[in-house]
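Analysis of the macromolecular model
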Amino acid sequence: LVNRFDRKYQKIERYFRQMAHYMLLNGEKGIDRCEAVRFLAPYYPEKDTTDPIEKKCSLEEYFDQVEANSGLMKITGRGNYGFSHLSIQEFLTAAHIIDSVEMDYSKAIMDFIDDPVFTNMVLLYIGLLSVKGNTGVANRIVKDILKQEKEYKAWILGGRALLDIHKDHRREDA
């Protein structure tokens, strides 16, 4: 994205993160063009025009550029727009949740640990926190998952997440 969108890449990345989050939480592998364009609107560099039709056309043209140049999207068999691979959608969702959390990273992810649909996203979330220098937080989340009194699936998830934290940064108490 950096090479393709220069200084606007951060806005484009936030757009993809927000859309991926929405799609994953709603179990959607694709969304229609109108919805995809609607997600892009807050990140659209406004043009000097008062004509609402020209603004709408310009936004859709901008979407076409973003879609074509990002390399992240594809058109599904139903004519909807989706991510070229589910793991991209999961990664972007994990990044969106991290960006949205104000205080408790552990609490933000706990609702997802029981649902196998979100397993990879949870692992990416913990791994991304660890890579970004939040190894203490990542270890605490693993510890919280392993303390779950649910069934063994949470323990397996916690063990897998622990492996995503570099061995030099794993805490023994986790």
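Here the structure is shown first, and the text comes after it.
Note that the structure is predicted; figures quoted are calculated from it, not measured. (Residues numbered from 1 in each chain as written. Predicted model: local features only at pLDDT ≥ 70, side-chain atom pairs only at ≥ 80, totals over all residues. Heavy atoms only, no water.)

**Comments concerning the overall build of the protein**
What counts, and what does not: Put simply, DSSP H or I for four residues or longer makes a helix, DSSP E for two residues or longer makes a strand, and each gets a number counted from the N terminus. Exposure categories follow from relative accessible area, calculated using a 1.4 Å probe and restricted to protein chains: below 20% of the type maximum is buried, above 50% is exposed, and the middle band is partly exposed. The criterion used for residue contact is that any of the two residues' heavy atoms lie within 4.5 Å. What sets the accessible areas is the Shrake-Rupley method with a 1.4 Å probe; for residues, cover comes only from the shown protein chains.
A tally of regular secondary structure across the protein gives nine helices and two strands. From first element to last, N terminus to C terminus, the protein shows the α and β order α-α-α-α-β-β-α-α-α-α-α. In the protein, which comprises 174 residues, the proportion classed as buried is 42%. Sequence separation of 24 or more characterises 58% of the internal contacts of the protein that already satisfy a separation of 6 or more. A total accessible area of about 10,400 Å² is found for the protein, and carbon and sulfur atoms account for 50% of it.

**Considerations on the pattern of salt bridges**
Inclusion rule: Take a side-chain nitrogen of Lys or Arg and a carboxyl oxygen of Asp or Glu: if they are within 4 Å of each other, that pair is a salt bridge.
Throughout the structure, instances matching the rule amount to seven salt bridges. Among the ionic pairs, Glu 13 bridges to Arg 17, the shortest N-O distance being 2.5 Å. Residue Glu 13 and its partner Arg 17 are located together in helix 2 (residues 9-25), separated by four residues, close to a single helical turn. Residue Asp 64 pairs with Arg 33 through a salt bridge whose shortest N-O separation is 2.8 Å. You can see Asp 64 sitting in helix 4 (residues 52-70) and its partner Arg 33 sitting in helix 3 (residues 33-40), a full 31 residues away along the chain. Judged by relative accessible area, which is 35%, Asp 64 ranks as partly exposed. Residue Arg 33 is classed as partly exposed on the basis of its relative accessible area of 26%. Ionic contacts of the salt-bridge type, sharing partners, join the residues Glu 13, Arg 17 and Asp 99 into one network.

**Focus on the side chain of Thr 135**
Mapped onto the elements, Thr 135 comes out in helix 8 (residues 135-146). In this structure Thr 135 comes out as buried when scored by relative accessible area, which is 17%. If we skip the residues at most four places from it in the chain, Thr 135 touches Leu 129, Ser 130 and His 169.

**Observations regarding the environment of Gln 148**
For Gln 148, the location among the structural elements is in the loop between helix 8 and helix 9 (152-163). Spatially, the C-alpha atoms of Gln 148 and Met 110 are 9.9 Å apart, while their sequence positions differ by 38 residues. Excluding its chain neighbours within four sequence positions, the residues that come into contact with Gln 148 are Met 110, Ile 113, Ala 154 and Trp 155.

**Describing the packing of helix 7 (residues 119-131) against helix 9**
Definition in use: Note on definitions: angles span 0 to 180 degrees between N-to-C directions of axes, and those axes are lines fitted to C-alpha atoms, for helices only across the stretch in contact. Handedness of a crossing is defined here by the sense of rotation of the near helix relative to the far one, left-handed for an anticlockwise turn of less than a right angle and right-handed for a clockwise turn. Residues are grouped as follows: nonpolar covers Ala, Val, Leu, Ile, Met, Phe, Trp, Tyr, Cys and Pro; charged covers Asp, Glu, Lys and Arg; every other residue, Gly included, is treated as polar.
Between helix 7 and helix 9, the least distance of the axes is 9 Å, while the angle of their chain directions is 40°. Every pair of crossing elements has a handedness; the one defined by helix 7 and helix 9 is right-handed. Note on element contacts: helix 9 touches helix 7 through Leu 157, Arg 160 and Ala 161, opposite Thr 119, Asn 120, Val 122, Leu 123 and Ile 126. Of the residues contributing to the contact of helix 7 with helix 9, the split by class is five nonpolar, two polar and one charged.

**Comments concerning the side chain of Arg 17**
On the basis of relative accessibility, which here comes to 11%, the residue Arg 17 falls in the buried class. When near neighbours in sequence (up to four residues on either side) are disregarded, Arg 17 contacts Leu 92, Ala 95, His 96 and Asp 99.

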